[in-house]
Amino acid sequence: MDAFVMLQELLEQEQFELIFPERSISGQPDIRLVYLMNDAVESFLVFHNARMTGEYRPDYEGEISASVSFEDMEYILVVHQGDSVVTIFFEDLLTDVHLYNYGEIGHFWMKDYEYLRQLEYRLAIMRDKYDYLGGEYCTPEERKLAMLVDFPPLNYCCYPAVPEQYIVPRVEPWVPTEEAIAVMEKLAAEADDKGLLKILKNYRKHPKPYIAKKIAAMLHRNAHAKVVDLLDEKLRKTVSGYKKRSFGEEMDVRCQQLMHKVEERRQQLQKEGKDSVILREEPFEIAKDSIGYQIHLMIWEKGILNRKVKIESYSLEKNKE
């Protein structure tokens, strides 16, 4: 995507969050404007060789207006934040994109069927990366799996990973796309889940909410566990080539020590015949935020009909929460 098109998109959405300063090779400051930030990607528009006048209000949450012009061999961005005006003079507008491995990321904001909610969350940020940055920033498998955001039995319609106030609604969320059903059919066929394949065929002909809810219920049953596990495996594998975040040598050592402790706990559970999965919750690497580093242990528990998990959480501040 063209950087100026991306800038216009942000300004139309009244998004204007700056990060200061990064020095370029020439020694002049490069000011960054946050574009897309989630566990999968940290991306910015970079005002190259920039200088700024006026007062930037980082905590401002009201309406903004902005204009871009080109004078005397440089670009000029003028942004009104209420009564405040900030002006950025810059030579060029660049993009800066950092991709991360989010296959082992977990946020446990919502209870019950957490293993499905984590999938919903990862698929959602995968799709955001695809929609906002384009397919060139995704693996071929990511481009396919991202279509499942339009599959109501697995998206926020049935398994929201975040509270309702944080959900960005999609147009006609209860209507599945052909691409989404096709991806799910391939997963069901690979897992040899004939029951799920049968209802997916019916769902294609009659995409009604009650059928979507029935499929959603099937996804948390023991009988259909293989399909869910296959999807999780494919997602983890396709993003495993992306880098992990680093927070500086001292912080990285502390994170590794905590991970070692949680791994010992996982091995102990394994000796007791209990399977578990380690998931991380971490702050951004470049755009610092208030989220602390945590590790979650998602422990599978036996259920007669449904799959169940118990969550143990560990932080750097406390040995165990």
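Above this text sits the structure in question.
Anyway, here's the lowdown on the structure attached to this text. (Residues numbered from 1 in each chain as written. Predicted model: local features only at pLDDT ≥ 70, side-chain atom pairs only at ≥ 80, totals over all residues. Heavy atoms only, no water.)

**Brief notes about the overall build of the chain**
Condition: The numbering of helices and of strands both runs from the N terminus, where a helix is a DSSP run of H or I of at least 4 residues and a strand a run of E of at least 2. Per-residue accessibility, obtained with a 1.4 Å probe over protein chains only, is compared with the maximum for each type, and a residue is labelled buried under 20%, exposed over 50%, and partly exposed between these values. Here, residues are in contact when the closest pair of their heavy atoms is within 4.5 Å. Here the Shrake-Rupley method, with its probe set to 1.4 Å, supplies the accessible areas, and only the displayed protein chains count as covering residues. In summary, the charge assignment counts Lys and Arg as positive and Asp and Glu as negative, without counting His or the chain termini. Each charge is placed at NZ for Lys, CZ for Arg, CG for Asp and CD for Glu.
The secondary structure content of the chain amounts to eight helices and 11 strands. In terms of its C-alpha atoms, the chain occupies a principal-axis envelope of roughly 70 × 50 × 35 Å. With 321 residues in all, the chain has 49% of them scored as buried. Of the contacts formed within the chain by residues at least 6 apart in sequence, a portion of 61% connects residues at least 24 apart. Element-wise, carbon and sulfur atoms account for 49% of the exposed surface of the chain, whose accessible area totals about 17100 Å². Across the chain, 43 positive and 56 negative side-chain charges occur, with their mean positions spaced 12 Å apart.

**Structural notes on the side chain of Asp30**
Here is the rule: Pairs of N or O atoms within 3.5 Å make up the polar contacts considered here, provided that, within protein, one atom can donate a hydrogen while the other can accept it, and that residues adjacent in sequence are counted only when both atoms are side-chain atoms.
Structurally, the position occupied by Asp30 is in strand S2 (residues 29-37). In terms of polar contacts, Asp30 uses its side chain to reach the side chain of His48, at 3.1 Å. A polar contact is formed between the side chain of Asp30 and the backbone nitrogen of Asn49, at a distance of 2.9 Å.

**Side note on the pairing of strand S5 (residues 64-71)**
The test is simple: When DSSP locates at least two bridges between a pair of strands, those strands are taken to pair.
Inspection of the sheet shows S5 paired to strand S6 (residues 74-81) by eight bridges, in the antiparallel sense. Bridge pairing links Ile64 to Gln81 in S6. Two successive antiparallel strands, S5 and S6, enclose a turn made up of two residues, where Asp72 displays a positive phi of approximately 50°.

**As for the packing of helix H4 (residues 178-190) against helix H7 (residues 225-239)**
Note the cut-off: An axis is simply a line fitted to the C-alpha atoms; with a helix, the fit covers only the stretch in contact. Between two such axes, the angle follows the N-to-C directions and lies from 0 to 180 degrees. For classification purposes, angles smaller than 35 degrees are called roughly parallel, those larger than 145 roughly antiparallel, those between 65 and 115 roughly perpendicular, and all remaining angles oblique. Rotating anticlockwise by less than a right angle from the far helix to the near helix defines a left-handed crossing, while the corresponding clockwise rotation defines a right-handed one. Residues are grouped as follows: Ala, Val, Leu, Ile, Met, Phe, Trp, Tyr, Cys and Pro are nonpolar; Asp, Glu, Lys and Arg are charged; every other residue, Gly included, is polar.
Put simply, H4 and H7 touch, their axes get as near as 9 Å, and they point 110° apart. When the axis of H4 is compared with that of H7, the two are roughly perpendicular. You can see that H4 and H7 cross each other, and the crossing is right-handed. Along its contact with H4, which presents Met184, Leu187, Ala188 and Glu190, the element H7 presents Val227, Leu230, Leu231 and Lys234. Of the residues in the contact of H4 with H7, the class split is six nonpolar, no polar and two charged.

**Examining the pairing of strand S9 (residues 276-281)**
The buried fraction of S9 is high, at six of six residues. Side chains Ser276, Ile278 and Arg280 project from S9 onto one buried face, and the interleaved Val277, Leu279 and Glu281 project onto a second face that is buried too. Looking at chain direction, S9 and strand S10 (residues 294-301) are connected through six bridges and run antiparallel. Residue Glu281 lies in a different strand from S10, and its bridge partner there is Gln294.

**Quick look at the layout of surface pockets**
One water molecule sets the probe size; rolling that probe over the atoms shows where empty space is left. Rules: Both cavities and pockets are sets of points on a 1 Å grid over the protein atoms alone; in a cavity a 1.4 Å probe fits but cannot get out, in a pocket the set is open with protein on both sides within 12 Å along at least five of seven lines, and lining residues sit with an atom within 4 Å of a point. Grid points are joined across faces, edges and corners, and a volume is the space filled by probe spheres set on the points.
Here the second largest pocket defines a volume of roughly 260 Å³. Lining the second largest pocket are Asn222, Gly273, Lys274, Asp275, Ile299, Trp300, Glu301, Lys302, Gly303, Arg307, Lys308 and Lys310. Residue assignment for the lining of the second largest pocket shows that the elements contributing at least two residues are S10 and strand S11 (308-315). When residues in the lining of the second largest pocket are grouped by element, the largest group, three residues, is from S10.

**With respect to the nonpolar core**
How we decide: Here the nonpolar core consists of buried residues drawn from Ala, Val, Leu, Ile, Met, Phe, Trp, Tyr and Cys, with membership extended through side-chain atoms lying within 4.5 Å.
In terms of nonpolar packing, the biggest core is built from 49 residues, with Leu123, Leu148, Phe151, Met184 and Leu196 touching the most fellow members. Listed by contribution, the elements that provide at least two residues to this core are helix H2 (114-133), H4, helix H5 (194-205), helix H6 (209-219), H7 and S9. Sorting elements by how many residues they give to this core places H2 first, with seven residues. If we skip the residues at most four places from it in the chain, Leu123 touches Leu145, Leu148, Val149, Leu154, Leu231 and Leu235. In this structure, Ala3, Leu45, Phe47 and Leu93 belong to the second largest nonpolar core, which totals 24 residues.

**Examining the environment of Gly106**
In this structure, Gly106 sits in the loop between strand S8 (92-99) and H2. Classification of Gly106 as buried rests on a relative accessible area of 0%. With 176 residues separating them along the chain, Gly106 and Glu282 place their C-alpha atoms 9.0 Å apart. Ignoring sequence-local partners within four residues, the contact set of Gly106 consists of Gln118, Leu279, Arg280, Glu281 and His296.

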